[in-house]
Amino acid sequence: MSEGLFARLEQRSPIPLEAELRCDAGELAALVGPSGSGKSTVLRCIAGLYRPRAGEVRCGGSMWFDGAIDLPPQQRRCGFVFQSYALFPHLSALKNVMLAAGHLPSQQREARGRELLDLVNLCGLEGRRPAQLSGGQQQRVALARALARDPQVLLLDEPFAAVDRVTRRKLQRELALMRERVRIPIVLVTHDLDEARMLADSITILHHGRTLQRGAPAEVMARPGSAEVARLLDLGNLFEAKILEHLPERNRTTLEWGGLVLEAMHAPAFAVGERASWVIAPEYVILHRRDRPSRGERENPIEGVVRVCAVLGETTSVVIEVCDQPGGALAMNIATHHARRNRLAPGEKVTVSLLAEGIHLMPWGGAPR
């Protein structure tokens, strides 16, 4: 990771921190967590705008902070894009970018500014002031200005939160394309899990200043490290059970869920009799077709009653109340044409299967294992 970013931040007060973040050169790491979890503080620590009590920050093979060393912000090659853009209102887009290229000889700054504005698709708008630009265009100027410093790391603090949905999608696509040309670590703070899934190579979950889990987006979403992470990700389908038996010859572990016996993939780390939390993503909840009874090939058949059936365009969101299971409400998504073909509606009885490969076991009580 000599060319990447590593940050380990520790303090008890005034803002509790027990955070760790890694991002390789060419990667985009998303920092996700609820409001007040310390995401922006982590960015400020990396940029040198806030000094933690202990820890270290390394980037591009250089030590920026380790307690003894504490480089000032101007000596840390960070590009920082704020949610509020923070452009100079009296300067044109080009001059806003040129101002950040002060490390270059004066005769090279204009050419560099035009190059970066072209990179963010603002060619032809160089002379406009911020008030003459849309919110999305202002954000592009802010991004070009951050890159004008030739940074070793790019820090993005909720950069798309203040623009409309269409502009946000356009900016997300442009960021995805731009990162292929700018091979530096990029750290994105976001509340939008869909945004993190689309753009990021890794997700770091932060809560109360503490790193709970880091991994590829698909892995974190499907296999959260704890019930706490599952709740923060709003995964739903989060339940508790008791481990009944391990069947290594079948690669299965059985568990009791409110009187029902379910099969999950073999999980020998959990002791027989131990309480555990478990989660299943909606795509692993499979509806049995009414016109074709199950032949037994599906695992963990469960009967229930449809309580919610909400059509969301091509997808229908369904909530099923499991029979004789207090609090056993299962959420699933199904193609709308399948929902109509199966005549799904509130009050209808259905059978679903919970695929064993989708049941993910976690320590009971929310503590990371």
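Placed above this text is the structure.
Residues numbered from 1 in each chain as written. Predicted model: local features only at pLDDT ≥ 70, side-chain atom pairs only at ≥ 80, totals over all residues. Heavy atoms only, no water.

Novice: Break down unusual backbone geometry for me, with residues and values.
Specialist: Geometrically, the link from Ser13 to Pro14 is a cis peptide bond, its omega value of 0° lying close to zero. One non-glycine residue with positive phi stands out, namely Glu158, at about 45°. Among the secondary structure elements, Glu158 is positioned in the loop between β7 (153-157) and α5 (165-178). Although it is not a glycine, Asp234 sits at a positive phi angle of roughly 55°. Its location among the elements puts Asp234 in the loop between α8 (227-232) and β11 (238-247). (Helix = DSSP H or I, 4+ residues; strand = E, 2+ residues; numbered from the N terminus.)

Novice: Describe helix α3 (residues 106-119), naming the residues involved and giving the relevant values.
Specialist: Between its first and last C-alpha atoms α3 spans 21 Å; for 14 residues at 1.5 Å apiece the expected length is 20 Å, and the two agree. Burial in α3 covers these residues: Arg112, Gly113, Leu116, Leu117 and Leu119. Along the long axis of α3, the arc covered by the buried residues comes to 145°, so they all point the same way. What points out from α3, more than 90 degrees from its buried face, is the exposed set Gln107 and Ala111. Structurally, α3 contributes buried residues whose contacts are with α2 (93-99), α4 (135-147) and α5. In the stretch just after α3, Asn121 is the one whose phi turns positive, near 60°. (Expected span 1.5 Å × (residues − 1). Buried < 20%, exposed > 50% of the residue type's maximum accessible area, 1.4 Å probe, protein only. Arc of directions from axis to C-beta. Contact = heavy atoms within 4.5 Å.)

Novice: Go over the sheet that holds strand β19 (residues 349-354), please, and point to the residues and values.
Specialist: The strand order across the open sheet built from five strands is β15-β19-β16-β17-β18, with neighbouring strands paired in antiparallel fashion. The open sheet has two edge strands, β15 (285-287) and β18 (329-335), and neither has a second partner. This sheet shows a mean twist of 45° between the axes of neighbouring strands, independent of strand direction. As judged from the five bridges shared by strand β16 (residues 301-312) and β19, these two strands associate in the antiparallel manner. When the bridges of β19 are listed, Glu303 appears paired with Thr351. (Pairing = 2+ DSSP bridges. Axes fitted to C-alpha atoms, helices over the stretch in contact; angles between N-to-C directions.)

Novice: Lay out the pairing of strand β17 (residues 315-322) with the relevant residues and their values.
Specialist: Burial along β17 is one-sided: Thr316, Val318, Ile320 and Val322 are buried, while Thr315, Ser317, Val319 and Glu321, pointing the other way, are not. The sheet contact formed by β16 and β17 spans eight bridges and is antiparallel. Across the sheet, Val306 pairs through a bridge with Ile320, a residue of β17. Counted along the chain from β16 to the antiparallel partner β17, the turn is two residues long, and its residue Gly313 has a positive phi close to 70°. By the bridge criterion, seven bridges tie β17 to β18 in an arrangement that is antiparallel. Within the sheet, the bridge partner assigned to Glu321 lies in β18 and is Ala329. In this structure, the hairpin formed by β17 and β18 is closed by a connection of six residues, where Asp324 is found at a positive phi of approximately 55°.

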